[in-house]
Amino acid sequence: MRWLALILLTATTATAQSSLDPRAAAMLTELPPYGADIELRYLLAQELSDESGNAHDGTATGGVTLLNGVAKFDGTGYIDCGDIENSTNHLTVSTWICTTNKTALQAVCGRHTASGNKRSFCFFLCDPTGEFQINLSSTGSLGEGVGVLNCGFDVCDGEWHQLVYTFEPYQSEMWIDGEQIDAIRRSNPNPGYLYRTSAPFSIGANDANATPVNYYNGKIGRTIVFSRTLSADEIMQLYLEGPY
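Reading the values: rules and limits
- Residues numbered from 1 in each chain as written.
- Predicted model: local features only at pLDDT ≥ 70, side-chain atom pairs only at ≥ 80, totals over all residues.
- Heavy atoms only, no water.
- Core = buried A, V, L, I, M, F, W, Y, C linked by side-chain atoms within 4.5 Å.
- Buried < 20%, exposed > 50% of the residue type's maximum accessible area, 1.4 Å probe, protein only.
- Contact = heavy atoms within 4.5 Å.
- Phe/Tyr/Trp six-rings, centres within 6.5 Å; stacked < 30°, edge-to-face > 60°.
- Salt bridge = Lys/Arg side-chain N within 4 Å of Asp/Glu carboxyl O.
- Helix = DSSP H or I, 4+ residues; strand = E, 2+ residues; numbered from the N terminus.
- Polar contact = N/O pair within 3.5 Å; in protein donor to acceptor, adjacent residues only side chain to side chain.
- Pairing = 2+ DSSP bridges.
- pLDDT = per-residue confidence, 0-100.

Peer 1: Is there a simple way to explain the nonpolar core in this structure?
Peer 2: A general feature of soluble globular proteins is that nonpolar side chains tend to end up buried together. With 36 residues, the main nonpolar core has F123, L125 and F132 as its most contacted residues. With sequence-adjacent residues up to four places away left out, F123 is seen in contact with V93, T95, Q106, A107, V108, C109, F132, Q133, I134, L163, V164 and Y165. Membership of the second largest hydrophobic core comes to seven residues, among which are V164, F226, L230 and I235.

Peer 1: I tried to follow the packing of aromatic side chains on my own but got confused; where do I start?
Peer 2: For any pair of aromatic rings, the description consists of the separation of the ring centres together with the inter-plane angle of the planes. A complete count under the given rule lists six aromatic pairs for this structure. Centre to centre, the rings of F123 and F132 are 5.0 Å apart; their planes meet at 65°, and the pair counts as edge-to-face. Accessibility expressed as a relative area gives 0% for F132, which makes it buried.

Peer 1: Got a minute to help me understand the pattern of salt bridges in this structure?
Peer 2: Pairs can form between side chains of opposite charge whenever their charged atoms are close. All chains considered together, the criterion is met by three salt bridges. In this structure, K102 engages D154 in a salt bridge whose closest nitrogen and oxygen atoms are separated by 2.6 Å. Separated by 52 residues along the polypeptide, K102 in the loop between strand 5 (91-98) and strand 6 (106-113) and D154 in strand 9 (residues 146-154) bring together distant segments of the chain. By relative accessible area, K102 is classed as partly exposed at 27%. Across the pair R228 and E234 runs a salt bridge, and its minimum N-O distance is 3.1 Å.

Peer 1: Can you help me understand unusual backbone geometry in this one?
Peer 2: It is generally the case that most residues other than glycine have a negative phi and that most peptide bonds are trans. Between D127 and P128 the backbone carries a cis peptide bond, its omega angle lying at 0°. Of note, P128 is situated in the loop between strand 7 (118-125) and strand 8 (131-137). At Y170, a position not held by glycine, the phi torsion is positive, near 65°. Inspection of the secondary structure assignment puts Y170 in the loop between strand 10 (161-168) and strand 11 (171-176). Positive phi outside glycine occurs at D177, with the angle close to 55°. Assignment of secondary structure puts D177 in the loop between strand 11 and strand 12 (179-181).

Peer 1: So what exactly am I meant to see when it comes to helix 3 (residues 232-241) here?
Peer 2: In an α-helix, one full turn covers 3.6 residues, which means residues spaced three or four apart are oriented alike. The buried fraction of helix 3 is high, at seven of 10 residues. The set of residues buried in helix 3 consists of E234, I235, M236, Q237, L238, L240 and E241.

Peer 1: Can you help me understand the side chain of T95 in this one?
Peer 2: Summarising the element assignment, T95 is placed in strand 5. Here T223 takes part through its side chain, which lies 2.8 Å from a polar atom of the side chain of T95. Setting aside its immediate chain neighbours within four residues, T95 contacts V108, C109, F123, H161, Q162, L163, I220, G221, R222 and T223.

Peer 1: What's the story with the pairing of strand 2 (residues 64-67) in this structure? I'm lost.
Peer 2: Consecutive side chains of a regular strand alternate in pointing toward one face of the sheet and then the other. Burial of strand 2 is one-sided: the residues V64 and L66 facing one way are buried, the residues T65 and L67 facing the other way are not. Examined bridge by bridge, strand 2 and strand 3 (residues 70-74) share four bridges and lie antiparallel to one another. Residue pairing in the sheet places L67 in a bridge with V70 of strand 3. Between strand 2 and the antiparallel strand that follows it, strand 3, lie two residues; N68 among them carries a positive phi value of about 55°.

Peer 1: Looking at this structure, I do not really get the environment of S227. What am I missing?
Peer 2: Tracing the backbone shows S227 in the loop between strand 18 (224-226) and helix 3. On the basis of relative accessibility, which here comes to 14%, the residue S227 falls in the buried class. Placed 134 residues apart in sequence, S227 and V93 show a C-alpha to C-alpha distance of 8.9 Å.

Peer 1: Just to check I follow, could you spell out the pairing of strand 17 (residues 217-220) for this structure?
Peer 2: Pairing of strand 3 with strand 17 involves four bridges; the strand directions are antiparallel. Within the sheet, the bridge partner assigned to D74 lies in strand 17 and is N217. Pairing between strand 5 and strand 17: two bridges, direction antiparallel. Paired with C98 across the two strands is K219, which belongs to strand 17.

Peer 1: Teacher, can you tell me more about the confidence of the model for the protein here?
Peer 2: Detailed reading of the predicted coordinates is not advisable wherever pLDDT falls low. The pLDDT averaged across the protein works out to 78; a share of 74% of its residues lies at or above 70. Taking the mean pLDDT of every element in the protein, the minimum, 37, falls on helix 1 (residues 13-18) and the maximum, 95, on strand 17. In this model residues 36-45 is a low-confidence stretch, pLDDT under 50, and it forms 24 contacts with partners more than four residues away in sequence or in other chains.

And the structure:
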C-alpha cells in the first residue's frame, strides 16, 4: 500500500523514546506497527529530506531554522514540499506544533492554494482563541463542498502538541495528542472525497494568489502524510514517538 511520509524534521526514534516515561515507552513497544514498510529510525540532517523514498524534499524560504530535530519558524518563512500526490479518499496527516502565538491566523501545513481554487486540506491555528482548525474542500473553492472542523480549545500554550487529521469518504476526524476530539463541525465536514489539487504541500504558510500568507510562528516537529486512514492505535503510536 502506498504511503507518503514527509519526515522532514526528525531525530532517531531511540532518542524520542528515551524522553518518554517508562509506562509510555512500554506502551509504545506493545502497540502494533502502523506499516511494516515504514522505517522508524530517522536521522536529522541539516536539509529537508523526504525519508519516504518518494523524493518530496522540501525547500525552505524565509525565516526557517532547523535545530535539534525541529524547524523553527519566525513568522516570515515556510517550507514547500511540492506535489505529494496524496490519496483523495483515504488520508492521514500528522504533525507536531509548539507555539504561544495567537495574534493572527496561522497555517501549519496542508495543500491550500486560493489562486485558481486549488484548496484541498489545511491545518490552521485560529486567532485569538488558539484553536486547532482543519479546512477541507471537495471542490477546491470556498463554496459548495467546503468543511471546517474546530477543536474548541487552545493548543497554543507553549507545549508540544500532536495534531492529526484522518479522512475517508464521508468521515473526517480530528485527533490531538493521540486522542480523538469531538470536533465542532461546520458546513460540510464529511465530504465523499478531497479535491485533487496541484497545490504543493506546504509547512508554515499557505498560498493566496501566488503569495504566501498566514505565516506560522513557532516550532514544528515530525510531519507525516499517509495515503490511508490510520487506526487509533497507530495514531497513539505516532504520539508516543514524540515530536522529534
